[in-house]
Number of protein chains: 2
Amino acid sequence: MTEDRLDATFASLADPTRRAILARLAQGEATVNELAEPFEMSLPAISRHLKVLERAGLISRGREAQWRPCRLEAGPLKDIANWVEHYRRFWDASFDRMADYLKELQTVKTKGDRDDRKN
Amino acid sequence: MTEDRLDATFASLADPTRRAILARLAQGEATVNELAEPFEMSLPAISRHLKVLERAGLISRGREAQWRPCRLEAGPLKDIANWVEHYRRFWDASFDRMADYLKELQTVKTKGDRDDRKN
DNA sequence: CTGTTAATTAACATACTTGTTAACTACAGC
DNA sequence: GCTGTAGTTAACAAGTATGTTAATTAACAG
């Protein structure tokens, strides 16, 4: 998983329309018009959102006559989950006390460092 | 957790510099200059990245003489983790067969729907 | 008060995002 | 071929992001 891919994935997920599209695709495949239906937005706008999702690898598209059925591709979501897991200890209740303790240690250390290079 | 907050969090995380800053803060508090040191970028650029992280609630800042120590705030990361968890079944190996099955069901259904409204 | 360090704000350039409408491609059915 | 539906691409406007350098604020040290 490259950093670039994380960039593209996070950027794609930063838009509520695109997250809604993914939520819809979690129910199963859908065509562009079906995906567009719940939104006020024009069809070209949806088409571009889909292109963003596709470039991020979050969806793939088939061909079936004049329809382009979209389906969810969860690979990049797994990358996100892995990335965020590294921070779990910072919010997990059972680790709060340890986090506070480490933070305290760090504060003392940092303060010391700072005193060392004070002008 | 509002949709807007998810927007801001995902957008903040879409930048590799900002993710690197969070990774550094996972080690403990740091000043702006300490955070800027690893990057080629100018200090004002880092300052603006920190402002983005702060507005997203991903960091908070104290005051200690002329330093502004930054520390990680993991609340929004927990939101991300919760959000992405909803998609776990799409990548989790033990669910692959079920996903395929659901997908198959959906394909048949969608095809039927389409046939219904075919011109 | 003066000089130095830490950090932010201002002003600006450039590029990307996201929406619009209008024009276009592709396929289906007669 | 003609017509209607599905979807994309083009051209454009408006807003947002991200970097730069220069100027500014704030606090310490003498």
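As shown above, the structure is provided for reference.
Note that the coordinates shown come from a computational prediction; the quantities given were computed from them, not determined experimentally.

Some points on the interface of chain A and chain B
Stage number 1. Between chain A and chain B, the residue contacts involve 42 residues of the former and 42 residues of the latter.
Stage number 2. Counting each side, the surface lost to burial between chain A and chain B is near 4000 Å², with a carbon and sulfur contribution of 62%.
Stage number 3. Taken together, the connections running from chain A to chain B amount to four salt bridges.
Stage number 4. We note a salt bridge from B:Arg19 to A:Asp7, for which the minimum N-O separation is 2.7 Å.
Stage number 5. Viewed at the interface, chain B and chain A are joined by eight residue pairs in polar contact (both at pLDDT 80 or more).

Looking at the protein's contact with DNA strand C
Stage number 1. Every one of the 23 residues lining DNA strand C counts as a neighbour, but A:Ser42, A:Arg48, A:His49, B:Asn33 and B:Arg61 are closest to it.
Stage number 2. Counted by atom, the contact set of DNA strand C within 4 Å of the protein is 75% sugar and phosphate.
Stage number 3. Between DNA strand C and B:Arg61 there is a distance of 2.4 Å, counted from a phosphate oxygen to a side-chain nitrogen or oxygen.
Stage number 4. Among the secondary structure elements, those contributing two or more residues to the surface near DNA strand C are α4 (43–55) of chain A together with α3 (32–36) and α4 (43–55) of chain B.
Stage number 5. In the surface near DNA strand C, the residues fall into seven nonpolar, nine polar and seven charged.

Thresholds applied
- Residues numbered from 1 in each chain as written.
- Chains lettered and ligands numbered in written order.
- Predicted model: local features only at pLDDT ≥ 70, side-chain atom pairs only at ≥ 80, totals over all residues.
- Heavy atoms only, no water.
- Contact = heavy atoms within 4.5 Å.
- Buried area = accessible area lost by both parts, 1.4 Å probe.
- Salt bridge = Lys/Arg side-chain N within 4 Å of Asp/Glu carboxyl O.
- Polar contact = N/O pair within 3.5 Å; in protein donor to acceptor, adjacent residues only side chain to side chain.
- Near = heavy atom within 4 Å.
- Helix = DSSP H or I, 4+ residues; strand = E, 2+ residues; numbered from the N terminus.
- Nonpolar A, V, L, I, M, F, W, Y, C, P; charged D, E, K, R; others polar.

Fair warning: the whole summary comes from geometry, so function is off the table for now.
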